[in-house]
Amino acid sequence: MKHIIFFIFIITPIFSFANDITNINSITIDRKKVFEKEDKDWFFGAPFFNSVHFLTKKYIIEDEILFAINDTISEDSFLETERNLRATGLFTEVKIELEENSENNYDVFVITKDRWSFYPSILFGIIGEDMNYGGRLQEFNLFGTGTYINMSGIFREELDIGLEGLFELRNQRIFRSELALDVSILANQYITRQDVKIHKDYRTLATTNSYGISANNNFGKEFFLNDIFLKYLFPDLKFLPINEKTIKTWYSRAWKMNDFVYLTGLLEYNKTDRGLNFFQRAYDNQGKILVGFSSSAQNFYAVERINSYNIEDLEEGGWGTAILGKTFPIASYGGERGFFYVAGQAEKSVYTKDFYLFGQLTGASSFSSDFAKYTYQSFLGLGFVRLNEKLLLAAKFDQQAVWNWPRFRQLVIDETRGLRGYSAGELAGDNRLTTNIELRYFPDWQVFIFKLSGALFYDIASVWNQTIEIFDSKFYSSIGAGLRLHFTKSDNPLHTFRIDFPYNFHTKKVGISLGVSQYFEAFGKHRFRLPEIYGTEFDFE
């Protein structure tokens, strides 16, 4: 009699082997449709939806499998294969089953269940007192090839932006190679942003190198939103002209020791024209040479009812990097003199069944002789406490600050950046602090192809300039409740629809906040990152 052994990694792996060597006799890929008759949400229209959905091509799955026929069975390779297939975002369910063929020989079945991939959408959102509306066509698995394409048009009332178009294209493996392609074009009446990147990532735990090249081209006008002092100096200024071109290329090498160790080199070229010299930003018109020395360690756990009902891969471990660099002026475009650059970032997480805590600390500064300039510090904290099977308390703390930063900088707090119920562009400064707390409730209620969850939340935030102490800055806050609709045929966070009702303590009004995905994810990821110049983030609207 044959024995069937199931690898179901939702909770813990349950299969172990004796001292006998066990080998893989065959590998079978079983691709399930979006709707199967045994599904709870099967309905009369399911056959039609299956017929118009392109099932994921078999080779897409084959490219992620980390074992082969005649290999010795490895629990680690099965676990990582499952994680990698889930990470493609193409499936709602992934599992591996073993069936004994003969003594110490097993047939392996890789079973995937496609998620629905085509999303024509009518878009509607509210930011403070402004409405946005439009349409979007999103395909996450074009013709079953794993290619993502997004075309959207939206009319944005906030800041009188008007009609805005967006096109995005992403392919995780160009012609089944290790190279990925990302293309993005955004345009409205004020600005156009064009981005392209070709890159080879660290796809698996055994990948030894990563490299790539990216190019960005931004031109038009950005919004001037900063503090009252600058508004006094420039009372009639509403827009900042921009014409910026950036090219980056990098190469990274990895070694597996006790932890993963990385050595990465990055080159960057930047050419920028911002009209007025007063609004030049740090490191404009400079070339950069950066070298990063990094390490990471990870343990993986499959969890659910944290951000959604779907299974998610939570990472526990750490990441650290030290960055040394040199910047040099591109003199013909007015770049500052060159600096030596030193930066570091460290993060750590701990996880138990009912508790999770994540912290990330970043510091950086440039030096010319013994003078420090463009000093930056940030901290990101995430965490949750599971109160019971259906109730979760989650929190996020995010803070950025700079010193000796003589160039223009603009960070915003509003509806999309940490403070529900506040209009876009109202509050801006050099430094920012936001805190979000949510009590999330997952009652297992299902309406057709949506599962429902709810949240109570409290947001508090502040922005201030370098001349002001944080204790003298003004804090803004909101409180409220919300509903989430989780689409059961997708595990993409963007297919959780969020409706919040925040009470603005400043205006004493209740608003509506509409969006996709949870307002924040309750856990972080310890992933390889390229060396970078910290503190150059800029909220252009």
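Considerations on the overall build of the protein
Argument step 1. Per the secondary structure count, the protein includes four helices and 27 strands.
Argument step 2. Against the compact-globule benchmark of 24 Å for 541 residues, the protein has a radius of gyration of 25 Å, which places it among compact chains.
Argument step 3. Expressed along its principal axes, the backbone C-alpha trace of the protein runs to roughly 85 × 50 × 40 Å.
Argument step 4. Across the 541 residues in the protein, those meeting the buried criterion constitute 50%.
Argument step 5. Of the contacts made within the protein by residues no fewer than 6 positions apart, 60% connect residues no fewer than 24 positions apart.
Argument step 6. Total accessible area on the protein is roughly 25800 Å²; 60% of this is exposed by carbon and sulfur atoms.
Argument step 7. Counting 58 positive and 68 negative side-chain charges, the protein places the centres of these two groups 2 Å from one another.

A word on the nonpolar core
Argument step 1. Membership of the largest hydrophobic core comes to 17 residues, with the highest contact counts inside it found for Ile61, Phe67, Phe78, Val108 and Val110.
Argument step 2. If you tally residues by element for this core, the top one is strand E3 (residues 91-102), at four residues.
Argument step 3. Here Phe67 is in contact with Ile24, Ile27, Ser77, Phe78, Thr81, Ile96, Val108 and Val110, once residues within four sequence places are set aside.
Argument step 4. Counting 16 residues, the second-largest nonpolar core is a separate cluster that includes Tyr283, Leu290, Phe339 and Ala343.

Let's talk about a nonpolar patch on the surface
Argument step 1. A surface patch of nonpolar side chains, about 770 Å² in accessible area, is lined by Val350, Phe355, Leu357, Val385, Leu387, Leu393, Ile437, Tyr458, Ile479 and Phe505.
Argument step 2. Note that Val385 resides in strand E18 (residues 371-386).
Argument step 3. We classify Val385 as partly exposed; its relative accessible area is 33%.

What to know about the pairing of strand E13 (residues 260-273)
Taken residue by residue, a regular strand's side chains alternate between the two faces of the sheet.
Argument step 1. Alternating residues of E13 divide into Phe260, Tyr262, Thr264, Leu266, Glu268, Asn270 and Thr272, all buried, and Val261, Leu263, Gly265, Leu267, Tyr269, Lys271 and Asp273, none buried.
Argument step 2. Between strand E12 (residues 239-256) and the antiparallel strand that follows it, E13, lie three residues.
Argument step 3. Relative to strand E14 (residues 286-303), E13 is paired through nine bridges, and the arrangement is antiparallel. Considered in E14, the bridge of Leu267 is made with Ile289.

Quick word on the pattern of salt bridges
Argument step 1. This structure, assessed with the given rule, holds 32 salt bridges.
Argument step 2. For Glu222, the salt bridge identified is with Arg281, shortest N-O distance 2.1 Å. Of this pair, Glu222 sits in strand E11 (residues 209-223) while Arg281 sits in the loop between E13 and E14, and the two are 59 residues apart along the sequence. Side by side, Glu222 and Arg281 carry an identical accessibility label, which is buried.

What about unusual backbone geometry?
Argument step 1. Of note, the phi angle at Asn104 is positive, near 65 degrees, even though the residue is not glycine.
Argument step 2. Relative to the helices and strands, Asn104 is located in the loop between E3 and strand E4 (105-114).
Argument step 3. For Asn104, a relative accessible area of 22% translates into the label partly exposed.
Argument step 4. Of note in this structure, Arg305 is not a glycine but carries a positive phi near 60 degrees.

Section: the environment of Phe475
Argument step 1. Mapping Phe475 onto the fold places it in the loop between strand E23 (450-464) and strand E24 (476-487).
Argument step 2. Classification of Phe475 by relative accessible area gives partly exposed; the value is 36%.
Argument step 3. Taking the C-alpha atoms as reference points, Phe475 and Leu433, separated by 42 residues in sequence, lie 9.1 Å from one another.
Argument step 4. Ignoring any residue separated from it by four or fewer positions in sequence, one finds Phe475 in contact with Leu433, Ile460, Ala461, Ser462 and Ile470.

Looking at helix H3 (residues 75-87)
Argument step 1. With 13 residues, H3 extends 18 Å between its outermost C-alpha atoms, agreeing within 8% with the 18 Å of an ideal straight helix rising 1.5 Å per residue.
Argument step 2. Here H3 lies mainly inside the structure; ten of its 13 residues are buried.
Argument step 3. Residues Ser77, Phe78, Leu79, Glu80, Thr81, Glu82, Arg83, Asn84, Leu85 and Arg86 constitute the buried set of H3.
Argument step 4. Gly89 lies just past H3 and shows a positive phi near 75 degrees.

Re the packing of aromatic side chains
Argument step 1. This structure, assessed with the given rule, holds 39 aromatic pairs.
Argument step 2. A ring pair is formed by Phe35 and Phe43, whose centres lie 5.7 Å apart and whose planes are at 70 degrees; its orientation type is edge-to-face.
Argument step 3. Its relative accessible area of 6% is what places Phe35 among the buried residues.
Argument step 4. Aromatic pair Trp319 and Phe528: ring centres 6.2 Å apart, planes at 90 degrees, arrangement edge-to-face. One end of the pair, Trp319, is in strand E15 (residues 312-329); the other, Phe528, is in the segment after strand E27 (513-516), with 209 residues separating them in the sequence.
Argument step 5. Taken together, the ring pairs in this structure connect Phe35, Phe43, Phe44, Phe48, Phe49, Trp116 and Phe448 into an aromatic cluster.
Argument step 6. The side chain of Arg409 reaches across the aromatic face of Trp405, ending 5.5 Å from its centre.

Quick notes on the side chain of Asn431
Argument step 1. Relative to the helices and strands, Asn431 resides in strand E22 (residues 431-447).
Argument step 2. Take Asn431: its relative accessible area is 4%, and that puts it in the buried class.
Argument step 3. Once residues lying within four places of it in the same chain are set aside, the contact partners of Asn431 are Gln400, Ala401, Val402, Leu411, Ser462, Val463, Trp464, Asn465 and Gln466.

Looking at the environment of Ile65
Argument step 1. Mapped onto the elements of the fold, Ile65 is located in the loop between helix H2 (58-62) and H3.
Argument step 2. Residue classification places Ile65 among the buried residues on the basis of a relative accessible area of 15%.
Argument step 3. For Ile65 and Glu80, which are 15 residues apart along the polypeptide, the C-alpha to C-alpha distance reads 8.8 Å.
Argument step 4. In contact with Ile65, not counting residues within four places along its chain, are Ile27, Ile29, Thr81 and Val110.

Focus on the confidence of the model for the protein
Argument step 1. Per-residue pLDDT for the protein averages 89, and the proportion of residues at 70 or more is 92%.
Argument step 2. In this model, residues 1-19 is a region of pLDDT below 50 whose contacts with residues beyond four sequence positions or in other chains number 34 contacts.

Regarding the environment of Phe523
Argument step 1. Secondary-structure assignment places Phe523 in the segment after E27.
Argument step 2. Measuring from C-alpha to C-alpha, the distance between Phe523 and Glu222 comes to 32 Å, with 301 residues separating the pair along the chain.

Thresholds applied
- Residues numbered from 1 in each chain as written.
- Predicted model: local features only at pLDDT ≥ 70, side-chain atom pairs only at ≥ 80, totals over all residues.
- Heavy atoms only, no water.
- Helix = DSSP H or I, 4+ residues; strand = E, 2+ residues; numbered from the N terminus.
- Rg over C-alpha atoms; globule rule 2.2 N^0.38 Å.
- Buried < 20%, exposed > 50% of the residue type's maximum accessible area, 1.4 Å probe, protein only.
- Contact = heavy atoms within 4.5 Å.
- Areas by Shrake-Rupley, 256 points an atom, 1.4 Å probe, with all protein chains shown as cover.
- Lys, Arg positive; Asp, Glu negative; His and termini not counted.
- Charge placed at Lys NZ, Arg CZ, Asp CG, Glu CD.
- Core = buried A, V, L, I, M, F, W, Y, C linked by side-chain atoms within 4.5 Å.
- Patch = residues over 30% accessible without salt bridge, like charges linked within 9 Å, V, L, I, M, F, W, Y side chains within 5 Å.
- Salt bridge = Lys/Arg side-chain N within 4 Å of Asp/Glu carboxyl O.
- Pairing = 2+ DSSP bridges.
- Expected span 1.5 Å × (residues − 1).
- Phe/Tyr/Trp six-rings, centres within 6.5 Å; stacked < 30°, edge-to-face > 60°.
- Lys NZ or Arg CZ within 6 Å of the ring centre and 35° of its normal.
- pLDDT = per-residue confidence, 0-100.

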